[in-house]
Amino acid sequence: MAFLDLHADAIDVRRVKLRKRGFALAAETVAPAGQAALWYGDVIQCVPRSGQAVARQIARLCGDDSEVTVPWRSLADAVGTRDRAGNLRRYTERGAKTLIDAGWLEVETVGSKRGAKTTFRLLSGERSAERLAWVDDEDWFAEAA
């Protein structure tokens, strides 16, 4: 099968988003920098994929600060991943909840609906949490009991 046949649906989705925005958002693919990059490096080892995607965009937006104020909708657009039902915001909220539960993030929302302002604060997290990215050789080759 040709590349276009395999990925036609994904290309169409991105084409619609590009047409809607009018320009590509290359900044969303840039890696986090500054103090938040160190935070992100620790976070990705301790949370599942949805938390990692949200953490990446929050860290990118924070830079050298430890907090950022951004609407949920904008954060969801930056994360750009949909859940099984096709919802951007629900996937982002689930990722943020994962970060909150693990102690890596604090979220404060002031106001409601369109006037709401959401502040995301980076926290140190629980260092003793099980690291997802690290697998020891003994664990990998251990026989099931």
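Residues numbered from 1 in each chain as written. Predicted model: local features only at pLDDT ≥ 70, side-chain atom pairs only at ≥ 80, totals over all residues. Heavy atoms only, no water.

Draft legend 1. How the structure looks around the overall build of the protein chain. Broken down by element type, the protein chain carries 6 helices and 3 strands. The order of helices and strands in the protein chain, counted from the N terminus, is α-α-α-β-α-α-β-β-α. Considering only intrachain contacts with a sequence separation of at least 6, the fraction spanning at least 24 residues in the protein chain is 54%. Put simply, the protein chain shows about 10100 Å² of open surface, and 52% of that area lies on carbon and sulfur atoms. (Helix = DSSP H or I, 4+ residues; strand = E, 2+ residues; numbered from the N terminus. Contact = heavy atoms within 4.5 Å. Areas by Shrake-Rupley, 256 points an atom, 1.4 Å probe, with all protein chains shown as cover.)

Draft legend 2. Inspection of helix α3 (residues 49-62) at higher detail. Compared with an ideal rise of 1.5 Å per residue, which puts 14 residues at 20 Å, α3 spans 20 Å between its outermost C-alpha atoms and is within 8% of the ideal. Where the residues of α3 are buried, they touch α2 (35-43), β1 (67-69), α4 (72-79), α5 (88-101), β2 (105-110) and β3 (117-122). (Expected span 1.5 Å × (residues − 1).)

Draft legend 3. Fine view of the packing of aromatic side chains. Considering all chains together, one arrives at 1 aromatic pair under this definition. Here Trp-72 and Phe-120 contribute two aromatic rings whose centre-to-centre distance is 5.2 Å and whose plane-to-plane angle is 80 degrees, an arrangement assigned as edge-to-face. You can see Trp-72 sitting in helix α4 and its partner Phe-120 sitting in strand β3, a full 48 residues away along the chain. Judged by its relative accessible area of 0%, Phe-120 is buried. (Phe/Tyr/Trp six-rings, centres within 6.5 Å; stacked < 30°, edge-to-face > 60°. Buried < 20%, exposed > 50% of the residue type's maximum accessible area, 1.4 Å probe, protein only.)

Draft legend 4. Molecular detail of the nonpolar core. Trp-39, Ile-58, Leu-75, Leu-99 and Phe-120 are the most contacted members of the largest nonpolar core, which totals 23 residues. Mapped by element, the contributors of at least two residues to this core are α2, α3, α4, α5 and β3. With 5 residues, α3 is the largest single contributor of residues to this core. Setting aside anything within four residues of it in sequence, one finds Leu-75 in contact with Val-54, Gln-57, Ile-58, Leu-61, Val-70, Thr-92 and Phe-120. (Core = buried A, V, L, I, M, F, W, Y, C linked by side-chain atoms within 4.5 Å.)

Draft legend 5. How the structure looks around the side chain of Ser-50. Inspection of the secondary structure puts Ser-50 in helix α3. Ser-50 has contacts with Tyr-91, Arg-94, Gly-95 and Thr-98, leaving out every residue within four places of it along the chain.

Draft legend 6. View of the sheet that holds β1. The 3 strands are arranged β1-β3-β2 in an open sheet whose pairing can be described as antiparallel. The outermost strands of the open sheet, each flanked by one partner alone, are β1 and β2. Across the sheet, the mean angle from the axis of one strand to that of its neighbour is 15 degrees, orientation sign disregarded. Pairing of β1 with β3 involves 3 bridges; the strand directions are antiparallel. (Pairing = 2+ DSSP bridges. Axes fitted to C-alpha atoms, helices over the stretch in contact; angles between N-to-C directions.)

Draft legend 7. The pattern of salt bridges, seen in detail. Summed over the entire model, instances satisfying the criterion amount to 5 salt bridges. Across the pair Glu-67 and Arg-121 runs a salt bridge whose closest N-O atoms are separated by 3.1 Å. In this pair, Glu-67 is assigned in strand β1 and Arg-121 in strand β3, connecting sequence segments 54 residues apart. Of the charged contacts in the structure, one is a salt bridge between Asp-101 and Lys-97, with a shortest N-O distance of 2.9 Å. You can see Asp-101 and its partner Lys-97 sitting in helix α5, 4 residues apart, about one turn around the helix. For Lys-97, a relative accessible area of 49% corresponds to the partly exposed category. Put simply, Glu-67, Glu-106, Glu-108 and Arg-121 are held in one network by salt bridges that share partners. (Salt bridge = Lys/Arg side-chain N within 4 Å of Asp/Glu carboxyl O.)

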